[in-house]
Amino acid sequence: MNEIATGVRRLGDDAVNFFLIEGEAGLTLVDAGLPAHYRQLAALLGPRIRDIRAVLLTHAHIDHIGLAGRLHREIGADVHVHAGDAAMLARPVTANGRWKAERSLLPYALRRPAALRTPLHLATHGAFWSTTPVPASVAVVDGVLAVPGRPHVVVVPGHTAGSAAFHFPEHGVLCTGDALVTDDSIIGRRGPRIVCRAFTADSAAALRSLDALAGLDARLVLPGHGAPFAGSPAAAVAAAHAAGTA
Ligand SMILES: [Zn+2]
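Residues numbered from 1 in each chain as written. Predicted model: local features only at pLDDT ≥ 70, side-chain atom pairs only at ≥ 80, totals over all residues. Heavy atoms only, no water.

On to the coordination of the zinc ion. Coordination of the zinc ion by the protein comes from Asp63 (OD), His64 (NE2), Asp178 (OD) and His225 (NE2), over a distance range of 2.0 to 2.3 Å. Around the zinc ion, the four donor atoms are arranged such that angles at the metal cover 88 to 167°; this shape is classified as irregular. Donor residues binding the zinc ion come from one chain and are separated in sequence as D-H-x113-D-x46-H. Pair noted here: His64 is in the loop between strand 5 (52-56) and helix 2 (68-75) and His225 is in the loop between strand 14 (220-223) and helix 8 (233-243), with a separation of 161 residues, a long-range link. The same class applies to His64 as to His225, namely buried. (Donors = N, O, S within 2.8 Å, 3.2 Å for Na, K, Ca; no water. Tetrahedral: all angles 85-135°; square planar, octahedral: opposite > 155°, others 65-115°. Helix = DSSP H or I, 4+ residues; strand = E, 2+ residues; numbered from the N terminus. Buried < 20%, exposed > 50% of the residue type's maximum accessible area, 1.4 Å probe, protein only.)

Let us look at the pattern of salt bridges. Counted under the stated rule, the structure contains five salt bridges. For Arg48, the salt bridge goes to Glu22, with nearest N and O atoms at 2.9 Å. One end of the pair, Arg48, is in the loop between helix 1 (38-45) and strand 5; the other, Glu22, is in strand 3 (residues 17-23), with 26 residues separating them in the sequence. On the accessibility criterion, Arg48 (38% relative accessible area) is partly exposed. Here Glu22 falls in the partly exposed class, since its relative accessible area comes to 32%. (Salt bridge = Lys/Arg side-chain N within 4 Å of Asp/Glu carboxyl O.)

Let's shift gears to the sheet that holds strand 6 (residues 78-81). Spatial strand order, 1-2-3-4-5-6-7: seven strands in an open sheet with mixed pairing. Of all strands in the sheet, those bounded by a partner on one side alone are strand 1 (3-5) and strand 7 (138-139). Pairing geometry for strand 2 (residues 8-12) and strand 3, over five bridges, is antiparallel. Along strand 3, the bridge assignment pairs Val8 with Ile21. Across the face of the sheet, helix 1 comes into contact with strand 2, strand 3, strand 4 (26-30) and strand 5 while running at roughly 145° to strand 2. (Pairing = 2+ DSSP bridges. Contact = heavy atoms within 4.5 Å. Axes fitted to C-alpha atoms, helices over the stretch in contact; angles between N-to-C directions.)

The subject of this paragraph is the environment of Ala127. In this fold, Ala127 is placed in helix 6 (residues 127-130). Distance from Ala127 to Asp31, taken between C-alpha atoms, is 14 Å for residues 96 residues apart in sequence. Residue contacts for Ala127: discarding those within four places in its chain leaves Leu34, Pro35, Ile62 and Leu122.

Formed by 24 residues in total, the largest nonpolar core has its most connected members in Leu29, Leu41, Ile52, Val55, Leu57, Leu71 and Leu89. For this core, the secondary-structure elements that each account for two or more residues are strand 3, strand 4, helix 1, strand 5, helix 2 and strand 6. In contact with Leu71, not counting residues within four places along its chain, are Leu29, Tyr38, Leu41, Ile49, Ile52, Val55, Gly76 and Ala77. (Core = buried A, V, L, I, M, F, W, Y, C linked by side-chain atoms within 4.5 Å.)

So, in structure tokens, the structure goes:
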């Protein structure tokens, strides 16, 4: 199901992606979707779900961490996140279920009511009420991670303070999370770009961080939102710079 490269599966739905990477010594999940995606993962893997050794988070926004707490609790998977996002992961929503964008969504929604489609999707898939916190996580830093797939971490702050990309040279893929997406549903634009200001902490830093990805060797760029980009990281980064900020 959904094998987009040898040993690489795309999971999630139209609103958000996460990825399963097959390594020699087990499975690694890059990002963790929404709580409702557990059924999809369990149907795909059956008892092999226990082979998931690590959950690597590109960042700790609520649309990417849905299964992390459950996999940590139930099968002992280590959850890796950059220190800059660890506090967010430990407390993804406030006690009354509230969660905030970086800036008000109102101007976006007034211009384009469809901007609210993704927040509604998150709500109906359990993001606000069923996302369990992950109290203990492993801090990622630049370098190679000793988890299945042997990814190289590239820290790319901007979308969040602790955003990171995961490069799997043996699989030929680069997982960018929301540091570089190919679909921004809030503004209704497709193609490689950084996420609009409503959900990006520091857009200038996000654009600068892309340069750390441009030199990597991969055949597919796998974003947190939107279709895989079938080209080099350099081409995706050039397109994102051309798209600029919104
Ligand atoms: Zn996202």
